[in-house]
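Listed below are the residues making up each chain.
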Amino acid sequence: MNAKIYTQRRKQLMRMMGNNSIAILSAAPTLIRNRDIEHSFRQDSDFFYLSGFKETESVIVLVPGRKGAQFIMFCRERDKVKETWNGYRYGPEGAIEHFGADDAFPIEDLDEILPGLMEHCERVYYTIGLNTEFDKHVMDCVNSLRRGARGGLSVPNEFVSLEHLLHDMRLFKNREEIQLMRKAAKISVQGHIRAMQACQPAKYEYELEAELLYEFNRNGAGWAYPSIVGSGANSCILHYTENNQPLHDGDMVLIDAGAEYEGYAADITRSFPVNGRYSEAQKEIYDVVLAAQEAAMVQVKPGNHWNDPHHAAVKVLTRGLVELGLLKGKVPALIKEKAYSKYYMHRTGHWLGMDVHDVGDYKVDDEWRLLEPGMALTIEPGLYIPAGSRGAKRWWNIGVRIEDDVVVTKDGYELLSKGLPRTTEEVEAVMSAKK
Ligand code: GLY
Ligand code: MN
Ligand code: MN
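Residues numbered from 1 in each chain as written. Chains lettered and ligands numbered in written order. Predicted model: local features only at pLDDT ≥ 70, side-chain atom pairs only at ≥ 80, totals over all residues. Heavy atoms only, no water.

Caption draft 1: Inspection of a negative patch on the surface at higher detail. On the surface, a cluster of negative charge is made up of Glu57, Glu77, Glu93 and Glu108. In this structure, glutamate 93 sits in helix α4 (residues 91-99). (Patch = residues over 30% accessible without salt bridge, like charges linked within 9 Å, V, L, I, M, F, W, Y side chains within 5 Å. Areas by Shrake-Rupley, 256 points an atom, 1.4 Å probe, with all protein chains shown as cover. Salt bridge = Lys/Arg side-chain N within 4 Å of Asp/Glu carboxyl O. Lys, Arg positive; Asp, Glu negative; His and termini not counted. Charge placed at Lys NZ, Arg CZ, Asp CG, Glu CD. Helix = DSSP H or I, 4+ residues; strand = E, 2+ residues; numbered from the N terminus.)

In structure tokens form, the structure reads like this:
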């Protein structure tokens, strides 16, 4: 991402914060996986959104009312030995030169410098509770100012979560961000096609997962969330990630997998037959879900509200469940009492961006939010019929979710996850065109 974009974002945020305020954000901490091995590091999305800086143990501070330096960074100092072991560090000099900091200091100096930056600020924008260890530093700073209050130091009297302002900015994706999201989706589509074409009975779920990861990694991406590859009964487990069972002829397999590219996520699901041909029962369920997805997508346009796609999907799913005999009763009454939730227990989508379940309010003043150009979301209806469901034996263990990614445009939406087969005929054609 062009460095100017980070500057613009900081300026925009500082305009909204107003003078007499300070914002403090900490980088993500490193997490131990086991013994002396760490989980692979992923920068905090808010921190990255404002800085583009990928190192842990760093802090950014924005002080819009300050005459001199308004954007201050704290980070690890350069260290020849540590860099030999663990890789390059920019150091405070690099933070100024490459990341546009007006001033930068070693992270060890934070507790000494932060109280001075806070002084004369009435409002502190800081999101408490995300990083309890860092919370303590911020509280210590405030307390040290309090101790000096009798000597004339002024203490901030208002703590405000930064999320409200910042997450509203993140909700609207600009051209560059949409371009990265297109790329994340494109890589994910290639991964899904590769997994479909590798699929055959007697392979294991993890073999399909490996195909996805191969395609993500060879394109400079990683996963945006652990891939779900669930076959048979596992297709009905929403967050199944063991991915360790054999694929049986006659079963469905549900893959929910998305790449993260340059910090932006895709989130895509397809459900297909292990043997490459949908059975009648699988097709019946699949076509209801597909119709629900199409009805939901039609609702994605400016002026409609957040819940319109979900409402449209629920209507089609409920009608379909009644037609198949899985629900009995009148459609409006069944919708009212949420009878569909036995087979459809999640919502039809969520915001998508740097986080797969991205930030941004879904309601404003207790009303569903209106869709506006630049908002990105998933459309992901599903039906899950676990074994034991009453009167539904022919559909047992069929789990179908169809999930695509869209961004709202001036007059509708752009499908980011294009090029991935969606109808049963398209999926069968791609699976039979094995390489
Ligand atoms: N992959 C998570 C979700 O679909 O929301
Ligand atoms: Mn999703
Ligand atoms: Mn998903």
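Caption draft 2: Summary view of the sheet that holds strand β13 (residues 264-265). If you trace the 3 strands from one edge of the open sheet to the other, you get β9-β12-β13, paired in antiparallel fashion. Here the strands that pair on one side only, and so sit at the sheet edges, are β9 (222-223) and β13. Pairing geometry for β9 and strand β12 (residues 259-261), over 2 bridges, is antiparallel. The residue of β12 that forms the bridge with glycine 222 is glutamate 260. (Pairing = 2+ DSSP bridges.)

Caption draft 3: Quick look at the pairing of strand β5 (residues 71-75). With 5 of 5 residues buried, β5 lies mostly within the body of the structure. In terms of strand pairing, strand β4 (residues 59-62) meets β5 through 4 bridges, oriented antiparallel. Bridge pairing in β5 links valine 61 to isoleucine 72. Relative to strand β6 (residues 103-106), β5 runs parallel, the two sharing 4 bridges. By the bridge assignment, phenylalanine 74 is partnered in β6 with phenylalanine 105. (Buried < 20%, exposed > 50% of the residue type's maximum accessible area, 1.4 Å probe, protein only.)

Caption draft 4: Molecular detail of the coordination of the manganese ion (ligand 3). Bound to the manganese ion (ligand 3) are the protein donor atoms Asp256 (OD), Asp256 (OD), Asp267 (OD) and Glu403 (OE), situated 2.1 to 2.3 Å from the metal. Note that the manganese ion (ligand 3) binds 6 donor atoms; their angles at the metal cover 57 to 170°, and the shape is irregular. Summarised as a motif, the one-chain spacing of the donors to the manganese ion (ligand 3) is D-x10-D-x135-E. In this structure, the manganese ion (ligand 3) lies 3.3 Å from the manganese ion (ligand 2), and both are coordinated by aspartate 267. Within this pair, whereas aspartate 256 is found in strand β11 (residues 252-257), its partner aspartate 267 is found in the loop between β13 and β14 (268-273), the two being separated by 11 residues in sequence. For aspartate 256, a relative accessible area of 7% puts it in the buried group. (Donors = N, O, S within 2.8 Å, 3.2 Å for Na, K, Ca; no water. Tetrahedral: all angles 85-135°; square planar, octahedral: opposite > 155°, others 65-115°.)

Caption draft 5: Here's a closer look at the pattern of salt bridges. By the definition in use, this model includes 23 salt bridges. A salt bridge links lysine 283 to aspartate 287; the nearest nitrogen and oxygen atoms lie 3.0 Å apart. Of the two residues, lysine 283 and aspartate 287 both sit in helix α10 (residues 280-298), 4 residues apart, roughly one turn of that helix. The partner of glutamate 425 in a salt bridge is lysine 283, with the nearest N and O atoms 3.6 Å apart. Of this pair, glutamate 425 sits in helix α13 (residues 424-432) while lysine 283 sits in helix α10; the two residues are 142 residues apart in sequence, bridging distant segments of the chain. Among the charged side chains, a network of salt bridges with common partners joins Asp46, Arg170, Lys173, Asp355 and Asp358.

Caption draft 6: Up close: helix α11 (residues 308-324). Between its terminal C-alpha atoms α11 stretches 24 Å, which fits the 24 Å expected from 17 residues at 1.5 Å a residue. Buried within α11 are the following residues: Asp308, Pro309, His310, Ala312, Ala313, Val314, Val316, Leu317, Thr318, Gly320 and Leu321. Packed against the buried residues of α11 are α10, α12 (331-336), β17 (376-379) and β18 (382-385). (Expected span 1.5 Å × (residues − 1). Contact = heavy atoms within 4.5 Å.)

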